[in-house]
Amino acid sequence: MMNIQGSPGTAGLDEVGAASTITVFGNGIQGPGAMGFQPGIFREKADNPAWSPLWDHFTAVWKDPAKAVLLTNQADLDALVAAGEIELFRGTPETGGQGFIVNCPSPIVAPNDFEVTTS
C-alpha cells in the first residue's frame, strides 16, 4: 500500500523507544494523507522532546467507512479502536503484523488544518 523499501538497519528501533508512532488511515474520509485519506496522527508532535524522525508505522481502518469522522489526536483514535469502530494494523493490513520504520528527518510543524467539506 505504501511502496516502502525495506531497510533492515531500522528493525528493532521501535522496541527500544527510538521511534514515534504514526497512524495513517487506510479508508474513511478522502484527503491528503499517505494512503489518500485523512491526514495521519502522530503520537508525538515535532516540538515534543519524545518526537523522533523515525516513525513506527500503523494503519487505521474503519470497520464501516460510512461512519468515519475526522480524527486529529491520539486519544480519539485510541477510544475508537477500543470501541471496535477502527481496526489498527501494525504496518499495513498486508504486512500481517510486521511493522516498519519510516525515516522522515524533516519534522512536520505546520498545523493540521484539514477540514471535511461536503458538497
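Structure: above.
What you see as residue numbers is a count from 1 along each chain, following the sequence as written. Where totals are concerned, whole chains, interfaces and linings use all residues; where local detail is concerned, this predicted model gives features only for residues with pLDDT of at least 70, and gives and counts side-chain atom pairs only at 80 or more. With hydrogens and water excluded, all non-hydrogen atoms of the structure serve as input to the side-chain values.

**Student:** Go over the nonpolar core with me, naming the residues and quoting the values.
**Tutor:** Buried residues of nine kinds, namely Ala, Val, Leu, Ile, Met, Phe, Trp, Tyr and Cys, make up a nonpolar core once their side-chain atoms join them within 4.5 Å. Working definition: with a 1.4 Å probe on protein chains only, accessible area under 20% of the residue-type maximum means buried, over 50% means exposed, and in between means partly exposed. In this structure, Phe 25, Trp 62, Leu 71, Leu 77 and Ile 86 are the most contacted members of the largest nonpolar core, which totals 18 residues. Every element with two or more residues in this core is listed here: β1 (20-25), β2 (41-42) and β3 (54-62). Contacts were defined at the residue level, with two residues in contact if any of their heavy atoms lie within 4.5 Å. Those residues in contact with Ile 86 that sit more than four places away from it in its chain are Ala 60, Val 61, Trp 62, Leu 71, Leu 77, Leu 80 and Val 81. Under the DSSP-based scheme used, a helix requires at least four consecutive residues in state H or I and a strand at least two consecutive residues in state E, with every element numbered from the N terminus.

**Student:** An account of the pairing of β3 is requested, with residue identities and associated values reported.
**Tutor:** Looking along a regular strand, one sees the side chains alternate between the two faces of the sheet. Among the nine residues of β3, nine are classified as buried, and the element is accordingly described as predominantly covered. Burial of the side chains of β3 extends over both faces: Leu 54, Asp 56, Phe 58, Ala 60 and Trp 62 are buried on one face and Trp 55, His 57, Thr 59 and Val 61 on the other. The pairing criterion is simple: DSSP has to find at least two bridges between the two strands. Across six bridges, β1 lies against β3 in parallel orientation. Bridging across to β3, Ile 22 finds its partner in His 57. Across three bridges, β3 lies against strand β5 (residues 101-103) in antiparallel orientation. If you follow Asp 56 over to β5, its bridge partner there is Ile 101. In the sheet, β3 pairs with strand β4 (residues 86-90) via five bridges, with the strands oriented antiparallel. Bridge pairing in β4 links Trp 62 to Ile 86.

**Student:** Any details on helix α1 (residues 74-82)? Residues and values, ideally.
**Tutor:** We define a polar contact as two N or O atoms separated by no more than 3.5 Å, with the added condition that, inside protein, one atom must be a possible hydrogen donor and the other a possible acceptor, whereas residues neighbouring each other in sequence contribute only through side-chain atom pairs. Among the residues of α1, the N-terminal cap falls to Asn 73, whose side-chain oxygen and the backbone nitrogen of Ala 75 are separated by 3.2 Å. Among the residues trailing α1, Gly 84 stands out with phi positive, at a value near 85°.

**Student:** Could you give me a rundown of the environment of Asp 113, with the residues and numbers involved?
**Tutor:** Its location among the elements puts Asp 113 in the segment after β5. Judged by relative accessible area, which is 61%, Asp 113 ranks as exposed. Placed 74 residues apart in sequence, Asp 113 and Pro 39 show a C-alpha to C-alpha distance of 9.6 Å.

**Student:** Which residues make up the pattern of salt bridges, and what values do they have?
**Tutor:** Think of a salt bridge as a Lys or Arg side-chain nitrogen and an Asp or Glu carboxyl oxygen that are within 4 Å of each other. For the coordinates displayed, the defined rule picks out one salt bridge. Arg 90 is the partner of Asp 56 in a salt bridge, and the nearest nitrogen-oxygen pair spans 3.2 Å. Of the two residues, Asp 56 sits in strand β3 while Arg 90 sits in strand β4, which places them 34 residues apart along the sequence.

**Student:** Pulling in residues and values, what's your account of the pairing of β1?
**Tutor:** In terms of residue burial, β1 counts as a mostly covered element, since six of its six residues are buried. Burial along β1 is two-sided: Ser 20, Ile 22 and Val 24 and Thr 21, Thr 23 and Phe 25, pointing in opposite directions, are all buried. Pairing between β1 and β2: two bridges, direction antiparallel. What sits directly across from Thr 23, in β2, is Ile 41.

**Student:** Describe the side chain of Ser 20, and please don't skip the residues or the numbers.
**Tutor:** Its location among the elements puts Ser 20 in strand β1. One polar contact links the side chain of Ser 20 to the main-chain amide nitrogen of Ser 52, over a distance of 2.9 Å. With residues near it in sequence (within four places) discarded, Ser 20 still touches Glu 44, Ala 50, Trp 51, Ser 52, Leu 54, Trp 55 and Asp 56.

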